[in-house]
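Read off the chains here:
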Amino acid sequence: MAAPLTLLLILAVTIRAALFRSSLADLIAERVEVVSPLNAWKRVVEGLALLDLGVSPYSGDVFHETPLIIYLFHFLVDYAEITFIIADVITAVALYIAVKDYNKQVFRKQKYALEADRYPLDCLELIRGPNEMYYIPLKVAMFYLLNPFTILSCVAKSTCGLNNAVIALFILSTIKGNVLLSAIFLALATYQSIYPLTLCAPAMLYLMQRQYIPVNFRRPSFWWFTAQYAFMYLGSLFVIIALSFFLLGSWDFLSSVYGFILSVPDLTPNIGLFWYFFAEMFEHFRLFFLCVFQINVFFYTIPLSIKLKEHPVFLIFMQLAVISIFKSYPTVGDIALYLAFLPVWTHLYRFLRNIFLVSCILLACSALFPVLWHLWIYAGSANSNFYYAITLLFNVAQILLVSDYFYAYLRREHHLSYGLYLKRKDGSEATLVLK
């Protein structure tokens with residue numbers, strides 16, 4: 001498997017290097033679908049210019065990245081293109097190793113369940129075989145590296161690529177069972193954009209499974225592990241924030257980074273749900289609806305964790321999707337990360353209901369984004385309603401995609417417990433309804 005992965009990495013690096021040298025690079029870097037006020041490279045360069053002049057990069061309303069990012073590029077600004085390519089490679093390799101290790105665990109659990117006769121005889125066709133699972137890690141790496149969304153994000157030098165690399169390393173550390181590294185990378189991801197805080201629940205659930213700790217509020221072992229992970233996570237976050245303070249010499253970055261993410265003052269159009277709604281919002285309603293919109297990212301964590309407590313890796317996939325849909329400044333790079341996990345769930349295809357329709361909508365919306373932007377901004381023959389309509393449709397398609405996978409996953413688990421062909425008491429065929 002090393003040879004195909006190496007060829008894939010060479011191909012991905014070549015594509016990115018060619019685009020960096022093309023005339024398209026500057027055009028891509030200006031696309032609102034690819035960059036946002038948080039992660040645009042142009043804003044990082046302006047922040048670096050202020051830092052070189054001895055002025056705080058957070059003194060104005062231009063730079064909203066974290067201090068560690070600006071100090072990283074203070075030394076690597078001449079090697080920015082290589083840095084972003086390496087970040088994509090790290091993400092792909094981390095996902096490759098993580099999925100490979102996860103598949104081994106899934107296959108081992110299946111083997112034990114089969115030996116114990118836990119599966120009904122009529123659902124053996126749902127069991128995943130080693131040949132089916134062998135190429136999944138490579139497909140995951142390919143889905144990430146060759147995804148046009150990932151390529152565009154890299155060529156635009158969006159710092160979203162660095163965030164994805166940190167989250168991928170967090171996933172790898174979690175699946176490998178390394179509690180300390182998992183907490184450190186999760187703290188680093190939270191430091192970058194707040195929203196990965198919701199990944200704390202699936203990480204703890206998975207690590208508890210690895211250590212055979214029951215998820216039971218009455219067990220002292222549950223609370224002891226939760227306290228340990230919370231201490232490592234919060235301790236790492238405190239150290240990172242303290243380091244940022246010592247580098248910058250002030251706390252200005254807290255309001256400029258996290259206050260900016262939560263209060264959404266910049267209503268530059270993007271592929272998210274916030275900008276148009278708050279542009280039309282009366283000021284005295286703004287705080288209420290801001291809380292309503294922001295709580296969406298965090299609200300689903302508890303019910304999803306309860307429903308998927310036995311399946312934390314799928315919960316990670318769900319949480320990444322929720323973050324990319326409901327965060328205040330999303331870009332296509334955020335979407336690319338959770339789309340990379342789709343090959344992991346190829347065994348769910350037979351239960352998906354709307355995959356063809358949703359795929360067509362996503363492709364059509366991706367093509368229409370630049371068209372409607374041109375009609376609105378340059379041709380003047382459309383307005384913001386057109387662009388927001390396609391944005392809304394794009395996000396609805398993502399919600400349908402994620403909910404379809406959620407339904408398919410639950411249905412397969414139900415069949416593995418009760419059989420594939422359900423019968424009523426009178427012997428007639430039953431219809432499964434999930435509520």
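Our subject is the structure that appears above.
Definitions and cut-offs
Residues numbered from 1 in each chain as written. Predicted model: local features only at pLDDT ≥ 70, side-chain atom pairs only at ≥ 80, totals over all residues. Heavy atoms only, no water. Helix = DSSP H or I, 4+ residues; strand = E, 2+ residues; numbered from the N terminus. Rg over C-alpha atoms; globule rule 2.2 N^0.38 Å. Contact = heavy atoms within 4.5 Å. Areas by Shrake-Rupley, 256 points an atom, 1.4 Å probe, with all protein chains shown as cover. Core = buried A, V, L, I, M, F, W, Y, C linked by side-chain atoms within 4.5 Å. Buried < 20%, exposed > 50% of the residue type's maximum accessible area, 1.4 Å probe, protein only. Axes fitted to C-alpha atoms, helices over the stretch in contact; angles between N-to-C directions. Parallel < 35°, antiparallel > 145°, perpendicular 65-115°, else oblique. Left-handed = near helix turned anticlockwise from the far one by under 90°. Nonpolar A, V, L, I, M, F, W, Y, C, P; charged D, E, K, R; others polar. Salt bridge = Lys/Arg side-chain N within 4 Å of Asp/Glu carboxyl O. Polar contact = N/O pair within 3.5 Å; in protein donor to acceptor, adjacent residues only side chain to side chain. Expected span 1.5 Å × (residues − 1). Phe/Tyr/Trp six-rings, centres within 6.5 Å; stacked < 30°, edge-to-face > 60°. Lys NZ or Arg CZ within 6 Å of the ring centre and 35° of its normal. Patch = residues over 30% accessible without salt bridge, like charges linked within 9 Å, V, L, I, M, F, W, Y side chains within 5 Å.

Participant: Honestly, the overall build of the protein chain in this entry has me stumped. Any pointers?
Facilitator: Along the backbone of the protein chain there are 20 helices and zero strands. Here the C-alpha radius of gyration of the protein chain, 23 Å, is about what a compact globule of 435 residues would show, namely 22 Å. Its C-alpha atoms give the protein chain principal-axis dimensions of roughly 75 × 55 × 55 Å. Within the protein chain, contacts between residues at least 6 apart in sequence are counted, and of these 75% link residues at least 24 apart. Surface summary for the protein chain: the accessible area is close to 20,600 Å², and the carbon and sulfur share equals 68%.

Participant: Before we go on, may I ask you to explain the nonpolar core in this structure?
Facilitator: Generally speaking, nonpolar side chains in soluble globular proteins are found buried as a group. The biggest cluster of nonpolar side chains holds 150 residues, and the ones touching the most others in it are Ile171, Tyr229 and Trp345. It is helix H5 (residues 80–115) that provides the largest number of residues to this core, a total of 13 residues. Filtering out sequence-adjacent residues up to four positions away, tyrosine 229 remains in contact with Phe170, Val179, Ser182, Ala183, Leu186, Cys200, Ala203, Met204 and Leu207.

Participant: Looking at this structure, I do not really get the packing of helix H1 (residues 2–20) against H5. What am I missing?
Facilitator: Axes are the key here: two packed helices are described by the angle between their axes and the distance separating the axes. One can describe the packing of H1 onto H5 by two numbers: an axis separation of 11 Å at closest approach and a directional angle of 155°. Overall, the two elements H1 and H5 adopt an arrangement that is roughly antiparallel. Crossing hand, H1 versus H5: right-handed. Contacts between H1 and H5 pair Leu5, Leu9, Val13, Arg16, Ala17 and Phe20 from the former with Glu81, Ile85, Asp88, Val89, Val93 and Tyr96 from the latter. Looking at the contact of H1 with H5 residue by residue, the classes come out as nine nonpolar, no polar and three charged.

Participant: Could you clarify how one ought to interpret the pattern of salt bridges in this entry?
Facilitator: Close approach of charged atoms allows side chains with opposite charge to pair. Considering all chains together, one arrives at ten salt bridges under this definition. Note that aspartate 334 and lysine 327 form a salt bridge whose closest N and O atoms lie 3.2 Å from each other. Taken together, the shared-partner salt bridges in this structure form one network comprising Asp101, Lys176 and Arg210.

Participant: It is not clear to me how the side chain of threonine 91 should be interpreted in this structure. Could you clarify?
Facilitator: Relative to the assigned elements, threonine 91 resides in helix H5. A distance of 2.8 Å separates a polar atom in the side chain of threonine 91 from the backbone oxygen of alanine 87. Ignoring anything within four residues of it in the chain, the contact list for threonine 91 reads Tyr144, Gly161, Asn164, Ala165, Ala168 and Leu337.

Participant: Just to check I follow, could you spell out helix H10 (residues 179–193) for this structure?
Facilitator: Helical geometry note: an α-helix holds 3.6 residues per turn, so side chains three or four residues apart project in the same direction. Given a rise of 1.5 Å per residue, 15 residues ought to cover 21 Å, and the 21 Å separating the end C-alpha atoms of H10 matches this to within 8%. Across the 15 residues that make up H10, a large majority, eleven, are buried. Those residues of H10 that sit buried are Val179, Ser182, Ala183, Phe185, Leu186, Ala187, Ala189, Thr190, Tyr191, Gln192 and Ser193. Close packing links the buried residues of H10 with helix H4 (67–76), helix H9 (160–176), helix H11 (200–210), helix H12 (220–248) and helix H13 (252–263). Taken from the residues just after H10, isoleucine 194 is the one with a positive phi, measuring 65°.

Participant: Quick question: what am I supposed to make of the environment of valine 239 here?
Facilitator: With respect to the helices and strands, valine 239 occurs in helix H12. For the pair valine 239 and alanine 187, spaced 52 residues apart in sequence, the C-alpha separation works out to 9.6 Å.

Participant: Is there a simple way to think about the packing of helix H15 (residues 286–299) against helix H17 (residues 312–326) in this case?
Facilitator: Running from amino to carboxyl end, H15 crosses H17 at an angle of 165°, the nearest separation of the two axes being 9 Å. By the angle class used here, H15 and H17 are roughly antiparallel. For H15 against H17, the interelement crossing comes out left-handed. Residues Phe293, Asn296 and Val297 of H15 form the contact with H17, whose own contacting residues are Gln319, Val322, Ile323 and Phe326.

Participant: I would appreciate a short explanation of the packing of aromatic side chains in the present structure.
Facilitator: How two aromatic rings sit relative to each other is set out by the distance from centre to centre and by the angle between their planes. Applying the stated criterion to the full structure yields 41 aromatic pairs. The aromatic ring of tyrosine 407 is capped on one face by arginine 353, whose charged end is 3.7 Å from the ring centroid.

Participant: How do you make sense of a nonpolar patch on the surface when you look at a structure like this?
Facilitator: A surface patch of nonpolar side chains, amounting to about 380 Å² of accessible area, comprises Tyr79, Ile82, Ile86 and Ile90. In this structure, isoleucine 90 sits in helix H5. Judged by its relative accessible area of 35%, isoleucine 90 falls in the partly exposed class.

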